[in-house]
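Here is what each chain is made of, one letter per residue.
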Amino acid sequence: MTHDTDHDFQQFRGKFDSAMVPDAAFKAKMEKLLNAEHQHVAAERVSSLIASPSTAGSATVVPTRRNHPLMVAAAVLMVFAVVASSIWVLSGIMLEGEYASAPGGIATLPADASGTPGPDIELTASLLQGIDKNGYLIGIFNNVLITQSSRGEADTWSTIIRGYDAESGDLLWESEEYMDFYTAEGGVLIRQRYTVSKDGSLQASDTTTLIALDLRTGESLWSTELDFQNLWVSSPNTMIIDDSVIAVSNAGEIVALSLTSGQIQWQSSVDPGKGRTEQISAGDNDLREVTIYSLAAVAWNNQLAVINGNGTVYLIDIVTGDTTGSYDKALFTDNQVPFAYIDAIALSHGILVSHDHMSSDGIHTMLVAFDPETGETLWERNLEGSGSIDVSDDGSIAVNTHIWKQSNWLMQLIGNHGYSTFQLHWIDGNTGNEILTTERGKLETSPFTMTNGSYVCTRTKETEISCYDRNGTRYFITTTTSGTPVLADGMLFVPTDDGIATVQLP
Amino acid sequence: MDIALSRDVDVRPVSQRKRAPAESSAVTTLAHVIPRLYGYFYPRIGGNRSLAEDLTQDTLLSAVRSANTPSAEAELMPWLFSIARNKLIDHYRKQDRERRHLGQRVDDDEFELHAGLPDLDLESVPVRDEVITVLNELNPRFHAAIVLRYFDGCDVATVAQAMFLSETATQSLLARARNSFRAIWIARNGDSR
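Rules and cut-offs
Residues numbered from 1 in each chain as written. Chains lettered and ligands numbered in written order. Predicted model: local features only at pLDDT ≥ 70, side-chain atom pairs only at ≥ 80, totals over all residues. Heavy atoms only, no water. Helix = DSSP H or I, 4+ residues; strand = E, 2+ residues; numbered from the N terminus. Buried < 20%, exposed > 50% of the residue type's maximum accessible area, 1.4 Å probe, protein only. Contact = heavy atoms within 4.5 Å. Areas by Shrake-Rupley, 256 points an atom, 1.4 Å probe, with all protein chains shown as cover. Disulfide = S-S within 2.5 Å. Core = buried A, V, L, I, M, F, W, Y, C linked by side-chain atoms within 4.5 Å. Patch = residues over 30% accessible without salt bridge, like charges linked within 9 Å, V, L, I, M, F, W, Y side chains within 5 Å. Salt bridge = Lys/Arg side-chain N within 4 Å of Asp/Glu carboxyl O. Lys, Arg positive; Asp, Glu negative; His and termini not counted. Charge placed at Lys NZ, Arg CZ, Asp CG, Glu CD. Axes fitted to C-alpha atoms, helices over the stretch in contact; angles between N-to-C directions. Parallel < 35°, antiparallel > 145°, perpendicular 65-115°, else oblique. Left-handed = near helix turned anticlockwise from the far one by under 90°. Nonpolar A, V, L, I, M, F, W, Y, C, P; charged D, E, K, R; others polar. Pairing = 2+ DSSP bridges.

Looking only at helices and strands, chain B features seven helices and zero strands. Secondary structure elements of chain B occur, N-terminal to C-terminal, as α-α-α-α-α-α-α. Classification of the 193 residues of chain B by burial places 53% in the buried group. In chain B, once contacts between residues fewer than 6 apart in sequence are set aside, the share between residues at least 24 apart is 64%. Accessible surface computed for chain B: about 8700 Å², of which carbon and sulfur atoms make up 47%.

Shown next, in the form of structure tokens:
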């Protein structure tokens, strides 16, 4: 019996870090690009750092006859001691002021109050019995909790889907297929099935199959094969509107199917805009060149608004599939990145598009709400940092923005280089006004953020989840999470190593 | 009181000081690190040259555009490599997201525990290329786990965070990844232990 240790893999460490000369053409292109970037970016700190001549080797003060070395050394030491201690105290005060406004590294600050932090209330989680503890929590639809589990040691890809009663934890059904992507409405779960080759690897295919399952029984209702380009490399936007399932492919192809029969009602397409070419392995060591686009679709007022990577908005009649209009919203004109990851969400009076925006002072999260019919901007926000976003049915928006906050140089001397920080924004989607904002605090783990309109929940510490209400009261749960929780009505479902735990919010 | 930071103080004689053209010097310095970054990405993404170039470009442009830059010269490379690793993790996550649930199924009977790797001469280019080739034959999650854990020396918690897994699941993933790597290595090169 061979014991599985990783000693043989330790030999790789540090062995694949050596420099390699890329193509001369690439190097020349990069130099040109970097020069061009300096024209656009006020990267003064980078420039000054890099352009500052090194003082190493030239900082030695040569003693002269008038300056005895011991006198010079004593004077230098004295000056250094005075300066360092002064800055030490000042920097300590500065950092304390920035991060000491706990509880828990974060302070609630209702936007309409005078800075009075809300209270902190601890809630306890209870384990939902009977649910596969290795299951990844997909979501809760019509009181059915959907998990996805690995087939076991032999397969790292999770392919067993189970439906549980969300209240009792009773197993309702399970199915085992290569499937992904979910949306649910009216008791029907829509999933997508891929084509997988005989040896179990990914098979390049221009078709995909949508499958409808009965949420309570798991019974297959229908399946329909779609002729989409490159769908296998990227998830489609899939939504259920009234009695139709609308799927928008990554390449701008659109199809509407009957929710009850799966029959195709209409098909259409739009220009997907800017794309990015990638080589994807497609099984049997084949490489296939594909173009990936960034495209968002959202249903609003009986229309489908599709926003492509150029910022062009297409309006499509959901009933007929006819394109009723298009215009250039110019969402990304100042965006320096050639490929914007965009998201679109319906609000009660318009739609919201979010995307990252690169500028000379770092990444910003741009939120633009506009009337899709006229293109008129209703409100827009520019939040510092790259953010994760969630929107509730009532249109309130939770955004958690992250930026690196660098320590001052003195703190860096003792190895403290800075912190990853977060700031939680809870925004009223109707007005763009902030409902609640936290102070920027230290981020100690990979965060998630979600809202159901009554609460915004986020994780910023490894063992703690915080949920805020609209008054700034912070409810916190001490638990580790093995996946992303789901906030459904007044209940938070938290995947943990021991299974799925539930927390009743007040 | 204004306090001059050490990097602002030029102690050379005035006659030796030159007013460096900041932009060209910055670009020159960044241009010098292109091979380091390219050499970091190349083996970690299966030897895909164009992808290594894209990630190198992304890293350098992010560095130029960043508002928070290191304030000491010695921190420049660690800082650039931290950006590079984030780009690499983003790439793995994107790859994972796009292929979630898509195969790489391995038959149960292939899951015998394989013998460990021999001591490899990793200074030899053919051996290094073979390691990269074997990595490339792994499924993307195995590939990412091996690179982060053993090429970059990340601890399990960091790998878990990068791959959105619990630490227990990550340990399991790493065990399967190692086994799969060994199986492919032995199939291609024989068991030379």
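Structure's up, so let's keep going.
For the rest of this paragraph, the subject is the state of the cysteines. Residue and element names in this part refer to chain A. Taken as a whole and judged by the stated rule, the model has one disulfide over all chains. Here Cys-457 pairs with Cys-467 through a disulfide, and the sulfurs are 2.1 Å apart. Across the disulfide from Cys-457 to Cys-467, rotation about the S-S bond amounts to roughly 110°, and the bridge is consequently right-handed. Pair noted here: Cys-457 is in strand 31 (residues 456-461) and Cys-467 is in strand 32 (residues 464-468), with a separation of 10 residues, a long-range link.

By size, the foremost hydrophobic cluster in this structure holds 60 residues, and its most contacted members are A:Phe12, B:Leu60, B:Leu80, B:Val131, B:Ile146, B:Phe151 and B:Phe181. Going through the elements one at a time, helix 1 (24-40) of chain A together with helix 1 (22-44), helix 2 (49-65), helix 3 (76-99), helix 4 (125-137), helix 5 (140-151), helix 6 (156-162) and helix 7 (167-189) of chain B are the ones with two or more residues in this core. Counting residues per element, this core draws most heavily on helix 3 of chain B, which supplies 10 residues. Counting 16 residues, the second-largest nonpolar core is a separate cluster that includes A:Val270, A:Ala297, A:Val306 and A:Tyr314.

Attention now moves to a negative patch on the surface. A cluster of like negative charges, contributed by A:Glu444, A:Glu462, A:Asp497, A:Asp498, B:Asp155 and B:Glu167, occupies part of the molecular surface. Mapped onto the elements of the fold, B:Glu167 is located in helix 7.

This part is about the packing of helix 4 of chain B against helix 7 of chain B. All names here are of chain B. In contact at an axis separation of 9 Å, helix 4 and helix 7 are set at 125° when each is read in the N-to-C sense. Judged on the interaxial angle alone, helix 7 and helix 4 are oblique. Considering the relative orientation of helix 4 and helix 7, their crossing is right-handed. For the pair helix 4 and helix 7, contact is made by Glu-130, Val-131, Thr-133, Val-134, Leu-135 and Glu-137 and by Phe-181, Ile-184, Trp-185, Arg-188 and Asn-189, respectively. Its residues assigned to classes, the contact of helix 4 with helix 7 comprises six nonpolar, two polar and three charged.

Residue and element names in this part refer to chain A. In spatial order, the strands read 11-12-13-14; together these four strands make up an open sheet with antiparallel pairing. The open sheet has two free edges, formed respectively by strand 11 (237-241) and strand 14 (264-269), since each of these has just one partner strand. Going from strand to strand, the sheet's axes swing by 15° on average, the running direction of each strand aside. Two strands pair when backbone bridges link them, and strand 12 (residues 244-248) and strand 13 (residues 253-258) are joined in this way by five bridges, in the antiparallel orientation. Following the sheet pairing, Val-245 is matched in strand 13 by Leu-257.

Counted according to the given criterion, the structure contains 11 salt bridges over all chains. A salt bridge links A:Arg216 to A:Asp165; the shortest N-O distance between them is 3.2 Å. Of this pair, A:Arg216 sits in the loop between strand 9 (208-214) and strand 10 (220-226) while A:Asp165 sits in strand 5 (residues 155-165); the two residues are 51 residues apart in sequence, bridging distant segments of the chain. When its relative accessible area of 39% is taken as the criterion, A:Arg216 is described as partly exposed. A salt bridge links B:Asp152 to B:Arg44, with the nearest nitrogen and oxygen atoms 2.7 Å apart. Here B:Arg44 lies in helix 1 and B:Asp152 lies in the loop between helix 5 and helix 6, a separation of 108 residues in the sequence. One exposure class covers both B:Asp152 and B:Arg44, and it is buried.

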